[in-house]
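Spelled out, the chains give:
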Amino acid sequence: TRVKVEIWQEDPLSGMAVIEEVLAEFRRIDHLMSPYREASELSQLNREASAGPVVVSDELFDLLEKARQMSELTQGAFDITFASVGHLYDYRKGIQPSASALQAGLPKVNYRFIELNPDDCSVHYSQPGVRIDLGGIAKGYAVDRGILLLQQQGIEHALISAGGDSRIIGERNGRPWNIGIRAPRQAQGMVAVLPLTDVAVSTSGDYERYFEADGVRHHHILSPQTGRSASQVQSVTIIGPNTTQTDALSTSVFVLGTQAGLELVNRLGDIEAVIIDKQGQMHYSDGLQDIKQ
């Protein structure tokens, strides 16, 4: 994932040192939570947690608790155990699981199979074959951690983005930051540009990691119910107070679809959404209705 850090700092040398701190923090979190690194805590969980409880760091345990809360909030639309079938896909090679492999893997997708013990920060998978992946929340968490580091260094105006997850503090040269929403079927096109300050923005789209087979777009945002790519929308943009939350919610609303997704967002007091449905039509949460004009 490409990471971008932009800050206002009077002294260029100290500014670059602060930016390097942020990038080092991203690398640290990647080493902790990446499913592609055999030595990461997350990979250890996927190898060992079905056999018995595995003690993890407070940091990983706290994020797993946040993921569970998001699963409960979205009634399972957000589910980090999607990896129990997600690992069967290879988007670079255009490989998808067979119907029989999917049928065998789907019963292992259920966030309730992750047992969290706060007494010793241990994690146990109650079913064999369960796997987790924090791709729907860890990038947002890393962005929040980066912003916290900047604030601790006295930085008041900054943007950090990682893939589709961005968080901004302050202004850019005395004006709001302009955050674009990509047109899902145009590599360089934008459907909207939002002037924003002191906010987090996350976009989930079906155009980042995908392949097409028999006229069907297979992308990385999977429905926990079917194990197949969610197909009701093309992209979801969530605006909220922090990227840990907006990252998970953009994935959740993508899975829920337009109607159920907007109903969820409109119940949450500090969250807004822009949804582009499968026909390419834009839909807005209640607090953004004015921008349609």
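*Asks:* Sorry if this is basic, but what is going on with the pairing of strand β9 (residues 199–205) here?
*Replies:* Successive side chains on a regular strand alternate, one facing one side of the sheet and the next facing the other. Counting buried positions over the seven residues of β9 gives seven, a clear majority of the element. The side-chain alternation of β9 yields two buried faces, one formed by V199, V201, T203 and G205 and the other by A200, S202 and S204. Sheet analysis places strand β6 (residues 165–169) next to β9, joined by four bridges and oriented antiparallel. Its bridge partner lying in β9, R167 is registered against A200. Judged from the six bridges that link them, β9 and strand β12 (residues 233–240) form a sheet pairing that is antiparallel. Looking across to β12, one finds that V201 is bridged to I239.

*Asks:* Even after reading the chapter, I still don't get the pairing of β6, so can you show me in this structure?
*Replies:* Along β6, five of the five residues are buried, which leaves the element largely enclosed by surrounding structure. With burial as the criterion, each face of β6 is covered, one bearing D165, R167 and I169 and the other bearing S166 and I168. Where strand β5 (residues 158–162) and β6 come together, five bridges link them in antiparallel fashion. Paired with L159 across the strands is I168, a residue of β6. Taken together, β5 and the strand that follows it, β6, pair antiparallel across an intervening segment of two residues, in which G163 is found at a positive phi of about 60°.

*Asks:* Looking at this structure, I do not really get the sheet that holds strand β14 (residues 282–284). What am I missing?
*Replies:* Hydrogen bonding along the main chain pairs the strands of a sheet, whether they run parallel or antiparallel. On the basis of which strands lie adjacent, the open sheet formed by seven strands has the order β1-β5-β6-β9-β12-β13-β14 and antiparallel pairing. Single-partner strands in this sheet number two, and they are β1 (3–7) and β14. Strand-to-strand, the axes of this sheet are offset by a mean angle of 10°, without reference to chain direction. Running over the sheet, helix α7 (residues 243–256) touches β6, β9, β12 and β13 (272–277) and is turned about 30° from β9.

*Asks:* It is not clear to me how the packing of helix α6 (residues 138–152) against α7 should be interpreted in this structure. Could you clarify?
*Replies:* A packed helix pair is summarised by two numbers, namely the angle formed by the two axes and the spacing between the axes. Following both chains from N to C, one finds α6 and α7 inclined at 160°, their axes separated by 7 Å at the closest point. Here α6 is positioned roughly antiparallel relative to α7, judged by the angle of their axes. In this structure, α6 crosses over α7, and the sense of that crossing is right-handed. Each of A138, K139, G140, Y141, V143 and D144 in α6 lies in contact with α7, whose residues at this interface are T243, T244 and D247.

Definitions and limits used
- Residues numbered from 1 in each chain as written.
- Predicted model: local features only at pLDDT ≥ 70, side-chain atom pairs only at ≥ 80, totals over all residues.
- Heavy atoms only, no water.
- Buried < 20%, exposed > 50% of the residue type's maximum accessible area, 1.4 Å probe, protein only.
- Helix = DSSP H or I, 4+ residues; strand = E, 2+ residues; numbered from the N terminus.
- Pairing = 2+ DSSP bridges.
- Axes fitted to C-alpha atoms, helices over the stretch in contact; angles between N-to-C directions.
- Contact = heavy atoms within 4.5 Å.
- Parallel < 35°, antiparallel > 145°, perpendicular 65-115°, else oblique.
- Left-handed = near helix turned anticlockwise from the far one by under 90°.

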